[in-house]
Amino acid sequence: MITTISIKNFKCFAEERILNFARFNVLYGKNGRGKSTVIQTLFLISQNLRKRDSLLNISLKGDVIDLGNYSDVINRYSNNDLIDFKFSFDIDDCLKVTYGKSDIGPTMLYLEDMWHGDRQLVTNVGTEGDVYKDQSVKNSEAISGIKALEIFRQLKYVSANR
């Protein structure tokens, strides 16, 4: 089970926002406060793991959600191009994924196992903030041992018209 989600620099969340989850969750609030962004974060990770079995270069457009392009999801008030997602699980795993801008969409820069203190450089970033080719750590190696990611593959999506 996902116990916490942290979102930073993604859509309406400029600063890090930490959300605690329980077995049953209700998201409510005023318009424009991030309810949809929380759901979109979960399904962005889910659709990429299920369809592509990858988090290295995530696609913002898929069968479940279509978020446009990188400039549509990066917080407009931010002074950097990095997006951070952090997930904690009830099995004592905590994973942080940092994405940067590239020609092919959001590209993973770092994959961190926060519980064990491991941080793996997945992609090299140039001096202008451009993301360069995959360096040393293959995506499958970086995520293969993270059992908690199976939770994202099992997420179900139900949509209803209002």
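Residues numbered from 1 in each chain as written. Predicted model: local features only at pLDDT ≥ 70, side-chain atom pairs only at ≥ 80, totals over all residues. Heavy atoms only, no water.

Student: Lay out the overall build of the protein with the relevant residues and their values.
Tutor: Across its full length, the protein carries four helices and eight strands. Secondary structure elements of the protein, listed N to C terminal, follow the sequence β-β-α-α-β-β-β-β-β-β-α-α. Looking at the 162 residues of the protein, the share that counts as buried comes to 42%. Considering only intrachain contacts with a sequence separation of at least 6, the fraction spanning at least 24 residues in the protein is 43%. Total accessible area on the protein stands at roughly 10000 Å², and carbon and sulfur atoms take up 46% of it. (Helix = DSSP H or I, 4+ residues; strand = E, 2+ residues; numbered from the N terminus. Buried < 20%, exposed > 50% of the residue type's maximum accessible area, 1.4 Å probe, protein only. Contact = heavy atoms within 4.5 Å. Areas by Shrake-Rupley, 256 points an atom, 1.4 Å probe, with all protein chains shown as cover.)

Student: Explain the environment of Ile-2 residue by residue, including any values.
Tutor: Mapped onto the fold, Ile-2 is located in strand 1 (residues 2–8). Remark: the alpha-carbon pair of Ile-2 and Ile-151, spanning 149 residues in sequence, is separated by 7.8 Å. Excluding its chain neighbours within four sequence positions, the residues that come into contact with Ile-2 are Phe-21, Leu-42, Ser-88, Phe-89, Ile-151 and Phe-152.

Student: Tell me what's going on with the pattern of salt bridges, and back it up with residues and numbers.
Tutor: Scanning all chains against the criterion turns up four salt bridges. With a shortest N-O distance of 3.6 Å, Lys-51 and Asp-63 are connected by a salt bridge. Taken together, the residues span a long stretch of sequence, with Lys-51 in helix 1 (residues 35–51) and Asp-63 in the loop between helix 1 and helix 2 (70–73) at a distance of twelve residues. Of the two residues, Lys-51 and Asp-63, both sit in the exposed class. Across the salt bridge formed by Asp-84 and Lys-96, the nearest N and O atoms sit 3.9 Å from each other. Taken together, the positions of Asp-84 in strand 3 (residues 83–89) and Lys-96 in strand 4 (residues 94–100) put the pair twelve residues apart, joining distant regions of the chain. (Salt bridge = Lys/Arg side-chain N within 4 Å of Asp/Glu carboxyl O.)

Student: Give a description of a nonpolar patch on the surface that names residues and reports values.
Tutor: Together, Phe-24, Val-26 and Tyr-28 make up a nonpolar patch on the protein surface, roughly 460 Å² of accessible area in all. For Phe-24, the position within the fold is in the loop between strand 2 (17–20) and helix 1. Classification of Phe-24 by relative accessible area gives exposed; the value is 71%. (Patch = residues over 30% accessible without salt bridge, like charges linked within 9 Å, V, L, I, M, F, W, Y side chains within 5 Å.)

Student: Run through helix 1, naming residues and quoting values.
Tutor: The terminal C-alpha atoms of helix 1 lie 24 Å apart, and with 17 residues this matches the ideal 24 Å at 1.5 Å per residue to within 8%. Taken from the residues just after helix 1, Asp-53 is the one with a positive phi, measuring 50 degrees. (Expected span 1.5 Å × (residues − 1).)

Student: Run through the pairing of strand 3, naming residues and quoting values.
Tutor: Looking down a regular strand, the side chains alternate between one sheet face and the other. With six of seven residues buried, strand 3 lies mostly within the body of the structure. When strand 1 meets strand 3, the two strands line up antiparallel, connected through six bridges. Bridge pairing links Thr-4 to Ser-88 in strand 3. Where strand 3 lies against strand 4, six bridges are found, and the strand directions are antiparallel. (Pairing = 2+ DSSP bridges.)

Student: Please set out the packing of aromatic side chains residue by residue, giving values where relevant.
Tutor: Scanning the model with the defined rule gives five aromatic pairs in all. Ring pairs connect the aromatic residues Phe-10, Phe-85, Phe-87, Phe-89, Tyr-99 and Phe-152, which therefore count as one cluster. (Phe/Tyr/Trp six-rings, centres within 6.5 Å; stacked < 30°, edge-to-face > 60°.)

Student: Account for the environment of Leu-56, naming residues and giving values.
Tutor: Within the element layout of this structure, Leu-56 appears in the loop between helix 1 and helix 2. Considering only alpha carbons, one finds Leu-56 and Thr-107, 51 residues apart in sequence, at a separation of 5.7 Å.

Student: Run through the confidence of the model for the protein, naming residues and quoting values.
Tutor: Confidence along the protein averages 76 in pLDDT terms, with 70% of residues attaining 70 or more. Here residues 123–142 is modelled with pLDDT under 50, and outside its nearest four sequence neighbours on either side it reaches 40 contacts, counting other chains as well. (pLDDT = per-residue confidence, 0-100.)

Student: Would you mind going over the nonpolar core in detail, with residue names and values included?
Tutor: One recurring pattern in soluble globular proteins is that nonpolar side chains are buried together. Counting 33 residues, the largest nonpolar core has Phe-85, Tyr-99 and Phe-152 as its most contacted members. Contributing elements (two or more residues each) for this core: strand 1, helix 1, helix 2, strand 3 and strand 4. The biggest single contributor to this core is helix 1, with six residues. (Core = buried A, V, L, I, M, F, W, Y, C linked by side-chain atoms within 4.5 Å.)

Student: Provide a residue-level description of the side chain of Thr-37, including the pertinent values.
Tutor: By secondary structure assignment, the location of Thr-37 is in helix 1. When sequence neighbours within four positions are dropped, the list of residues in contact with Thr-37 reads Ile-7, Phe-10, Lys-11, Cys-12 and Phe-13.

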